[in-house]
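# Chain and residue survey
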Protein chains: 2
Amino acid sequence: MSTAHAIENLRAALACLPGVGPKSAQRMAYYLIERDRQGARAIASALNHALDSIQHCRRCNNLSETELCTLCSSASRKHSQLCIVETPADLEAIEQTGSYKGCYFVLMGTISPLDGIGPDNLGIDRLLEVLDEFEIEEIILATNLTVEGETTAEYLTDLLTGKDTIKDIKLTRIARGVPVGGELEYIDRNTVARAIDERRKV
Amino acid sequence: MSTAHAIENLRAALACLPGVGPKSAQRMAYYLIERDRQGARAIASALNHALDSIQHCRRCNNLSETELCTLCSSASRKHSQLCIVETPADLEAIEQTGSYKGCYFVLMGTISPLDGIGPDNLGIDRLLEVLDEFEIEEIILATNLTVEGETTAEYLTDLLTGKDTIKDIKLTRIARGVPVGGELEYIDRNTVARAIDERRKV
């Protein structure tokens, strides 16, 4: 082998990143060692720090450095509204709109039988505890509009409407329709059909 | 900010990787912390290990864990042949063919005025020392066939042919032409022109 063992090792480790194949991993390894040693140290220390400090928020199940995350411990959020999302990135996408002021629950995944992920692998027990513990008035199902996301939303709808304790909670789903700026001509048929079926009174 | 500080930090650190933008960095950060903590530890420790152990080989300037890399210290290589390449990845590409048995010199870059890289930023002093120190019979210029690579090859040709001490050294350039499996119809005009100009006797 002509490559140094440490580089070979680094290349193999980087190849576990999502979306990074062997060629990109090699490029990254050489780049970090040859061009950006400071950046490389920063990645290593950020990784170790995150691994040591990140846990799940006791209430919303999101990644957090504290037992209760900043959102859940904020007095300015509406604690009676609970928006259920799949991942921290989805939460982030909603936060960036600035239009939602309630709280969240992060499932950390979706029901996906093909990947072996069933309801038991999601934080659903935790969710039920949260619903018992806090006074929730509305649950917004904000899982993605993919097959897995829809399945998860349907599963949650069945589960939650079946519970006596939470029958007074309003259960909603994010709107489906034509995206802002979208032209009907170029939007897929299913979306257009949905947009017509779920039309709103103006 | 709704995201944990440690995750934000990690995302910023990962965004310095080549070809990784803010969205990919975020995806990587969440993936590592949520799905592959073992992989994350492996990356951190491989990075630290590589940073601590990797230096430049005293002879070929390639990345190496030892003062003299495995290729340069191997008795089975032809030490009188020196192939000059731009990067460790190029060296690797030649090694993978298995058809070259000589030694290398890695410039760790090319002359690229637009990026502010001149001859002084490449390991050319080191190269001249190597030529003085070892008995070299042939130098193969294997920089890429890009504008920068060609400029570097021309610069090296001028420099080396001007030196008295190395006037007996055979200086060659890797062949330009139609790639194996290539069809003339689909190859760019410059390459076809080169392939005809530089035709070989069969």
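The structure under discussion appears in the preceding block.
If you're wondering where the values come from, they're calculated on a predicted model, not measured in any experiment.

## Things to note about the sheet that holds strand β5 (residues 138-141) of chain B
Residues and elements named next belong to chain B. Strand order across the open sheet formed by four strands is β4-β3-β5-β6, with parallel pairing between neighbours. At either margin of the open sheet sits one strand with a lone partner, and together these are β4 (102-106) and β6 (170-173). Taken over all neighbouring pairs, the strand axes of this sheet differ in orientation by 25° on average, direction set aside. Across five bridges, the pairing between strand β3 (residues 78-85) and β4 is parallel. The residue bridging C83 from the neighbouring strand is Y104, located in β4. The strands touched by helix α6 (residues 147-161) within the sheet are β3, β5 and β6, with β6 carrying the most contacts at an inclination of about 170°.

## Re helix α4 (residues 88-97) of chain B
The set of residues buried in α4(B) consists of B:P88, B:D90, B:L91, B:E92 and B:E95. Residues of α4(B) that are buried sit in contact with α2 (22-34) of chain A together with β2 (63-64), β3 and β4 of chain B. Where α4(B) terminates, the next one or two residues include B:G98, which has phi positive at roughly 70°.

## Brief notes about the relation of the copies chain B and chain A
For the pair chain B and chain A, the relating rotation is 180°, the translation along its axis is 0.1 Å, and the fit reaches an RMSD of 0.1 Å. Look at the turn and shift together and you get a two-fold axis relating the two. No C-alpha of chain B lies nearer the rotation axis than that of B:A44, which sits 2.1 Å from it. Interface residue correspondence from chain B to chain A reaches 100%, placing this contact among same-surface, isologous pairings.

## Focus on the side chain of B:D90
Along the polypeptide, B:D90 turns up in helix α4. There is no salt bridge for the buried B:D90, and the closest opposite charge comes from A:K23, which lies 8.2 Å off by N-O distance. With sequence-adjacent residues up to four places away left out, B:D90 is seen in contact with B:V85 and B:N144.

How each quantity is defined
- Residue numbers here run from 1 along each chain, matching the order of that chain's written sequence.
- Chains and ligands are labelled sequentially in the order written, the chains with letters from A and the ligands with numbers from 1.
- Under the rules for a predicted model, residues below a pLDDT of 70 receive no local features and side-chain atom pairs below 80 are neither given nor counted, while totals for whole chains, interfaces and linings still include all residues.
- Side-chain metrics in this entry use all non-hydrogen atoms of the structure; hydrogen atoms and water are not considered.
- Only strands that DSSP links by at least two bridges are regarded as paired with each other.
- Strands here are runs of E lasting at least two residues and helices are runs of H or I lasting at least four, both read from the DSSP assignment and numbered beginning at the N terminus.
- Each axis is a line fitted through C-alpha atoms, and for a helix only the stretch in contact is used; angles between axes span 0 to 180 degrees, taken between their N-to-C directions.
- In this description, contact between two residues means that some pair of their heavy atoms is separated by no more than 4.5 Å.
- Here's how the labels work: a residue is buried when its accessible area is under 20% of the maximum for its type, exposed when over 50%, partly exposed in between, all with a 1.4 Å probe on protein chains only.
- A residue counts toward the fit only if its pLDDT is at least 70 in both copies, and the copies are then superposed by least squares on the C-alpha atoms of those residues.
- For this count, His and the chain ends are skipped, Lys and Arg are scored as positive, and Asp and Glu as negative.
- Salt bridge criterion: a side-chain nitrogen from Lys or Arg within 4 Å of a carboxyl oxygen from Asp or Glu.

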